[in-house]
Amino acid sequence: METGLLHLHTILRWIILLLLLVTLYQAFSKKEGIRKTSLWLMISSHIMLVIGLYQVIAGRYGIIKGLPEGISLMKDTFYRFYWIEHPLAMIVAIVLITLARGKAKTLNYKTAGWQLLVALILILASIPWPFRQLVGRHLFPGS
Ligand code: HEM
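Here is a short report on the structure shown in this document. On a predicted model such as this, the values are computed, not experimentally measured, just so you know. (Residues numbered from 1 in each chain as written. Predicted model: local features only at pLDDT ≥ 70, side-chain atom pairs only at ≥ 80, totals over all residues. Heavy atoms only, no water.)

**A closer look at the environment of leucine 107**
Thought 1: You can see leucine 107 is positioned in the loop between helix H3 (77–105) and helix H4 (109–126).
Thought 2: Residues leucine 107 and isoleucine 71 lie 36 residues apart in sequence; the distance between their C-alpha atoms is 49 Å.
Thought 3: Not counting residues up to four positions away in its chain, the partners in contact with leucine 107 are Glu32, Ile34 and Arg35. (Helix = DSSP H or I, 4+ residues; strand = E, 2+ residues; numbered from the N terminus. Contact = heavy atoms within 4.5 Å.)

**Details of the site of the ligand**
Thought 1: Lining the immediate environment of the ligand, one finds 20 residues, of which His9, Thr10, Arg60, His86 and Arg137 sit closest.
Thought 2: Threonine 10 has a polar side-chain atom sitting 2.6 Å from an oxygen atom of the ligand.
Thought 3: Looking at the shell around the ligand, the elements with two or more residues in it are helix H1 (2–28), helix H2 (34–58) and H3.
Thought 4: The leading source of residues in the shell around the ligand is H2, at six residues.
Thought 5: Its residues placed into classes, the shell around the ligand shows twelve nonpolar, five polar and three charged. (Near = heavy atom within 4 Å. Polar contact = N/O pair within 3.5 Å; in protein donor to acceptor, adjacent residues only side chain to side chain. Nonpolar A, V, L, I, M, F, W, Y, C, P; charged D, E, K, R; others polar.)

**Considering the packing of aromatic side chains**
Thought 1: Going through the model one piece at a time under the given rule, you end up with nine aromatic pairs.
Thought 2: Judged by centre distance (6.5 Å) and plane angle (90°), the ring pair of tyrosine 61 and tyrosine 79 falls under edge-to-face. Within this pair, whereas tyrosine 61 is found in the loop between H2 and H3, its partner tyrosine 79 is found in helix H3, the two being separated by 18 residues in sequence.
Thought 3: Counting every residue linked through ring pairs, the aromatic cluster contains Tyr61, Phe78, Tyr79, Phe81, Tyr82 and Trp83. (Phe/Tyr/Trp six-rings, centres within 6.5 Å; stacked < 30°, edge-to-face > 60°.)

Shown next, in the form of structure tokens:
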């Protein structure tokens, strides 16, 4: 089950990024379709939140497994990233996506657009891209 959830977490990243770009375009070009896409974006990011929370609590590097002997959380790049930096930044981004959905519903394009833009920057900055040292992961499951 753990591998399946990790794969889902990896794939959902692409769906969220795609939906985020489309919703952002709709916000800045004032397209009414934003009502639907912002809903799908919110749903997929909330699924991501649930999977992420499971992983950070009970996953293979989860908090309940504890830190390996001799590791100090704030001094260890890997655990600091996966226990603190990544979850925190992504939760803020998901909150912004949720707020933007509220704005999109009432067609407040401008506010929704800015909230989505900040969410996109946070997500891009916090994904463990393959080029990131020590925390980097593959772009697709099994690649
Ligand atoms: C839009 C939101 C998010 C995106 C785009 C995202 C993206 C990713 C990606 C690409 C990976 C690497 C997966 C792999 O190794 O194949 C990952 C791993 C991970 N993410 Fe997220 N994530 C998001 C939200 C969250 C949240 C909200 C949490 C926790 C509350 C979280 C916790 C984790 C953990 C713990 C791992 C490492 C899992 C492991 O290696 O066992 N993520 N994330």
